[in-house]
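Spelled out, the chains give:
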Amino acid sequence: MTLVEISLLPPAAAGDGTFLARATDLVNRVYADAEKGIWREGAERTSPEELAAIVRAGELAVAHLDGTLVGAVRVQRLASGEGEFGMLVASPDHRGIGLGRRLVDFAEGWAREQGLATMQLELLWPRDWTHPVKQFLHEWYTRIGYLPVRTADFADDYAALAPLLATPCDFVIYHKPLSR
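Residues numbered from 1 in each chain as written. Predicted model: local features only at pLDDT ≥ 70, side-chain atom pairs only at ≥ 80, totals over all residues. Heavy atoms only, no water.

Caption draft 1: Focus on a nonpolar patch on the surface. Taken together, the side chains of Tyr158, Leu161 and Leu164 present a nonpolar region at the surface, about 230 Å² in accessible area. Residue Leu164 is classed as partly exposed on the basis of its relative accessible area, which comes to 33%. (Patch = residues over 30% accessible without salt bridge, like charges linked within 9 Å, V, L, I, M, F, W, Y side chains within 5 Å. Areas by Shrake-Rupley, 256 points an atom, 1.4 Å probe, with all protein chains shown as cover. Salt bridge = Lys/Arg side-chain N within 4 Å of Asp/Glu carboxyl O. Buried < 20%, exposed > 50% of the residue type's maximum accessible area, 1.4 Å probe, protein only.)

Written as structure tokens, this is what we have:
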């Protein structure tokens, strides 16, 4: 069996242009498919510059399989005291092997190590229609213990990105208590 290795990147990795290009491509490819119809044509989820800032902050964990980048997740401590994960991606070529679950487990373990009692995630949700991938993710997150706690207007929190939306969206915010 092949071993998937997940680790938090050191801040110095922000200077690795080859890695940043690969990671940006992976994130943008996964989100282009997973959020099809939500964003205007040509909108991208991230950029090498944004990923470099996340890496410099010590907030990007990556998954490698046989030395190949196959997934990533952003972890951070919120000012309100929760841990949060986002930008969760698993390579389309490596789905069905539990990679997404392993990345979530890593994020939750990271939050526990930080002494945080709650993990949060935000799920972008079209306001006027049901997106099949978002519905799948809602069901999956609920099965693994995440419950919706509130809904927020995407445009209120991300005014600069709102014009890139093809449809009005909200964020559904989920929490999961972390047992020690």
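Caption draft 2: Looking closely at the pairing of strand β4 (residues 83–90). Burial runs high along β4: seven of the eight residues are buried. Where strand β3 (residues 68–77) lies against β4, six bridges are found, and the strand directions are antiparallel. Across the sheet, the residue bridging to Gly71 is Ala90, located in β4. Between β3 and β4, which pair antiparallel one after the other, the connecting turn spans five residues, and Gly81 there sits at a positive phi close to 100 degrees. (Helix = DSSP H or I, 4+ residues; strand = E, 2+ residues; numbered from the N terminus. Pairing = 2+ DSSP bridges.)

Caption draft 3: Representation of the nonpolar core within the structure. Judged by nonpolar contacts, the single largest core of 30 residues is most densely connected at Phe85, Leu88, Tyr141 and Tyr146. Sequence-distant contacts of Leu88, defined by excluding residues within four places in its chain, comprise Tyr31, Ala72, Val73, Gly100, Leu103, Val104, Trp140 and Tyr141. Within the second largest apolar cluster, 20 residues are counted, among which are Ala13, Leu26, Val27 and Val30. (Core = buried A, V, L, I, M, F, W, Y, C linked by side-chain atoms within 4.5 Å. Contact = heavy atoms within 4.5 Å.)

Caption draft 4: Quick peek at the packing of helix α1 (residues 17–34) against helix α2 (residues 48–56). Packing of α1 against α2 leaves a shortest axis separation of 9 Å and a crossing angle of 110 degrees. Viewed along their axes, α1 and α2 adopt a mutual orientation that is roughly perpendicular. Together, Phe19, Leu20, Ala23 and Thr24 of α1 and Pro48, Leu51, Ala52 and Val55 of α2 make up the contact between the two elements. Split into classes, the residues belonging to the contact of α1 with α2 amount to seven nonpolar, one polar and no charged. (Axes fitted to C-alpha atoms, helices over the stretch in contact; angles between N-to-C directions. Parallel < 35°, antiparallel > 145°, perpendicular 65-115°, else oblique. Nonpolar A, V, L, I, M, F, W, Y, C, P; charged D, E, K, R; others polar.)

Caption draft 5: Here's a closer look at the sheet that holds β4. Pairing is mixed in the open sheet, where seven strands are placed in the order β1-β2-β3-β4-β5-β7-β6. Unpaired on one side and paired on the other, β1 (4–8) and β6 (147–153) mark the two borders of the sheet. Averaged over all adjacent pairs, the angle separating strand axes in this sheet is 25 degrees, with direction ignored. Here nine bridges tie strand β5 (residues 118–126) to strand β7 (residues 169–177), and the two strands are oriented antiparallel to one another. Within β7, the position partnered with Leu124 by the bridge is Phe171. Running at roughly 30 degrees to β3, helix α3 (residues 99–113) makes contact with β1, β2 (60–65), β3, β4, β5 and β7 of the sheet. Contacts from helix α4 (residues 132–143) reach β4, β5, β6 and β7 within the one sheet, and its direction differs from that of β5 by about 160 degrees.

Caption draft 6: Summary view of α4. Over its twelve residues, α4 runs 17 Å from end to end, which matches the ideal 16 Å to within 8%, given 1.5 Å per residue. Where α4 is concerned, the buried positions are Lys134, Leu137, Trp140 and Tyr141. Buried positions in α4, seen along its axis, are confined to an arc of 125 degrees and lie on one side of it. For α4, the exposed residues lying more than 90 degrees away from the buried face are Pro132 and Arg143. Where α4 is buried, its residues touch α1, β4, α3 and β5. (Expected span 1.5 Å × (residues − 1). Arc of directions from axis to C-beta.)

Caption draft 7: Broad picture of the environment of Ala52. Mapping Ala52 onto the fold places it in helix α2. Separated by 33 residues in sequence, Ala52 and Phe19 place their C-alpha atoms 9.8 Å apart. Those residues within four positions of Ala52 in sequence are excluded, and the remaining contacts are Ala14 and Leu20.

Everything listed here is a matter of geometry and, on its own, says nothing about what the molecule does.
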